[in-house]
Amino acid sequence: MRIPSSHSEPEKPRQGLTRSVVRSLALLEAIAHRPHGLSSTGLAREVEVDNATAIRLLRTLTTTGYVSPDPQKRYFLTTKLLRLAHHSLDSLPLAEVARPYLIALRDKSEETVHLGILEHERVVYIDKLASSKAVQLVSRLGDRMPVNTTALGKAICASLAPELLDELLKHLPYEARTQYSLVREEVLRDEIVATASIGYAIDNRENEDGVVCVAAAIPDAYHVLASPAAISISGPDFRMYPRLLELGTCCRDTAADIARALGISSDKDKIDGRRDAGHGAGPRPTTSEHLGTEVSI
């Protein structure tokens, strides 16, 4: 956000906006994008206000606990904004915020949609919207599924920081629910890399015979969610195979929309970059651990 300098040509004030509030928010955003902090002079230049105005606003933000200067007088955000974000999420639970997006995704895909979170090395369903089609999936809220056999699990893994991912994979039991389940860490890691490259995961009959699933993690750039979360679309293989690219893209885009609604999404360039990486990639083969062959999906 760029605020005109007091030395530039006067700008007509926007109706209903308080200039000092707008400038204070611009300062907070400028500080947020500078991990090594900025001086009052640097911040004044960044938001295009005079130095005296920047110092006055920074003094207010410091007194109210939103920013703090270090000994070199560089300003940093405090954790107060993070605490406010946590309170906001408490008042708007993930499932409640995600529900209208899940409804739209179910209606568009005409397949079953799940919202799941990572809890104690398992994926837990916290919301489900069933398909209206004749062949449906048998799943219930609260069901706990293996990370290694589900698209939800692989999508969440692809969203984790490397050290958290290593810790998780080290303790997974690597259950085999079907002949296609990925039961070796190195094979699962390959799947996680593929998932990160296109922005969504694929479960090719790995969790339930005859069922295929696509899933995408809800981007949580600021690590605000209590648990990593993802959404998925599931259906019988004969309905899912022809639409994998379409449904995977829909799932990925809907997950990003939910993150934006929660106020926890990464910046636009990061999301767009991931979309570009997946554009035109199409579904990729999934290695079958037990058959030793590639199952083209």
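It should be emphasised that the depicted structure is a prediction, and the values quoted were computed from it without experimental measurement. (Residues numbered from 1 in each chain as written. Predicted model: local features only at pLDDT ≥ 70, side-chain atom pairs only at ≥ 80, totals over all residues. Heavy atoms only, no water.)

Draft legend 1. The arrangement of unusual backbone geometry in detail. Positive phi is not limited to glycine here, since K73 has a value of about 65°. Among the structural elements, K73 can be located in the loop between β1 (67-69) and β2 (75-77). Residue K73 is classed as exposed on the basis of its relative accessible area, which comes to 55%. With a phi close to 50°, H120 is a non-glycine residue in the positive phi region. We classify H120 as exposed; its relative accessible area is 68%. (Helix = DSSP H or I, 4+ residues; strand = E, 2+ residues; numbered from the N terminus. Buried < 20%, exposed > 50% of the residue type's maximum accessible area, 1.4 Å probe, protein only.)

Draft legend 2. Representation of the pattern of salt bridges within the structure. Under the definition given, this model contains 18 salt bridges. With its nearest N and O atoms 2.8 Å apart, the salt bridge here joins K154 to E206. With K154 in helix α6 (residues 151-159) and E206 in the loop between β6 (201-204) and β7 (211-217), the pair connects residues that are 52 residues apart, well separated along the chain. For K154, a relative accessible area of 0% gives the class buried. Taking the relative accessible area as the measure of exposure, E206 reaches 0% and is therefore buried. As a salt-bridge pair, K170 and E167 come within 3.5 Å of each other at their nearest N and O atoms. Placement of both K170 and E167 in helix α7 (residues 162-171) is noted, with a separation of 3 residues, approximately one turn of the helix. Residue classification places K170 among the exposed residues on the basis of a relative accessible area of 57%. The structure contains a network of salt bridges with shared partners spanning K154, E191 and E206. (Salt bridge = Lys/Arg side-chain N within 4 Å of Asp/Glu carboxyl O.)

Draft legend 3. Spatial organisation of the side chain of D143. Along the polypeptide, D143 turns up in the loop between β4 (122-129) and β5 (144-146). We classify D143 as buried; its relative accessible area is 13%. From its side chain, D143 meets the backbone nitrogen of R140 in a polar contact 2.8 Å long. If sequence neighbours within four positions are ignored, D143 has contacts with V123, V124 and Y125. (Polar contact = N/O pair within 3.5 Å; in protein donor to acceptor, adjacent residues only side chain to side chain. Contact = heavy atoms within 4.5 Å.)

Draft legend 4. Looking closely at the nonpolar core. Residues L94, L102, V214, I218, I231, I233 and I258 are the most contacted members of the largest nonpolar core, which totals 32 residues. Contributing elements (two or more residues each) for this core: α5 (94-109), β3 (112-119), β4, β7, β8 (229-236) and α10 (244-262). The element best represented in this core is α10, accounting for 8 residues. Discounting chain neighbours no more than four positions away, the residues touching L94 are L115, I117, I126, I218, L225, A229, I258 and L262. Counting residues in each nonpolar core, the second largest holds 24 residues, with L118, I156, Y174 and A201 among its members. (Core = buried A, V, L, I, M, F, W, Y, C linked by side-chain atoms within 4.5 Å.)

Draft legend 5. Looking closely at helix α8 (residues 185-198). The end-to-end C-alpha distance of α8 is 20 Å, a good match for the 20 Å that 14 residues give at a rise of 1.5 Å each. V187, L188, E191, I192, A194, T195 and I198 are the residues of α8 that are buried. Viewed along the axis of α8, the buried residues span an arc of 165°, placing them on a single side of the element. Among the exposed residues of α8, those pointing more than 90 degrees away from its buried face are D190 and V193. In the segment just after α8, G199 is the residue with positive phi, at about 90°. (Expected span 1.5 Å × (residues − 1). Arc of directions from axis to C-beta.)

Draft legend 6. The arrangement of the sheet that holds β6 in detail. Spatially, the 6 strands line up as an open sheet ordered β5-β4-β3-β8-β7-β6, and their pairing is antiparallel. Strands at the two margins of the open sheet, each flanked by one partner only, are β5 and β6. Recorded for the sheet is a direction-independent mean angle of 30° between the axes of neighbouring strands. Judged from the 3 bridges that link them, β4 and β5 form a sheet pairing that is antiparallel. Counted as the bridge partner of R122 is P146 from β5. The sheet contacts of α6 involve β3, β4, β6, β7 and β8, and relative to β7 the element is tilted by about 25°. (Pairing = 2+ DSSP bridges. Axes fitted to C-alpha atoms, helices over the stretch in contact; angles between N-to-C directions.)

Draft legend 7. Examining the pairing of β7 more closely. Within β7, 7 of the 7 residues are buried, leaving the element largely enclosed by the surrounding structure. Examined bridge by bridge, β6 and β7 share 4 bridges and lie antiparallel to one another. For N204, the partnering residue across the bridge sits in β7 and is V212. If you look at the hairpin formed by β6 and β7, you'll find 6 residues sitting between the two strands, and R205 has a positive phi there, around 60°.

Draft legend 8. Focus on the packing of helix α1 (residues 19-32) against helix α3 (residues 51-63). Viewed as axis vectors pointing N to C, α1 and α3 meet at an angle of 80°, and their least axial separation amounts to 10 Å. One way to sum up the angle between α1 and α3 is to call them roughly perpendicular. Residues S20, R23, S24, L27, L28 and I31 of α1 pack against T53, A54, L57, L58 and L61 of α3. Here the contact of α1 with α3 is built from residues that sort into 7 nonpolar, 3 polar and 1 charged. (Parallel < 35°, antiparallel > 145°, perpendicular 65-115°, else oblique. Nonpolar A, V, L, I, M, F, W, Y, C, P; charged D, E, K, R; others polar.)

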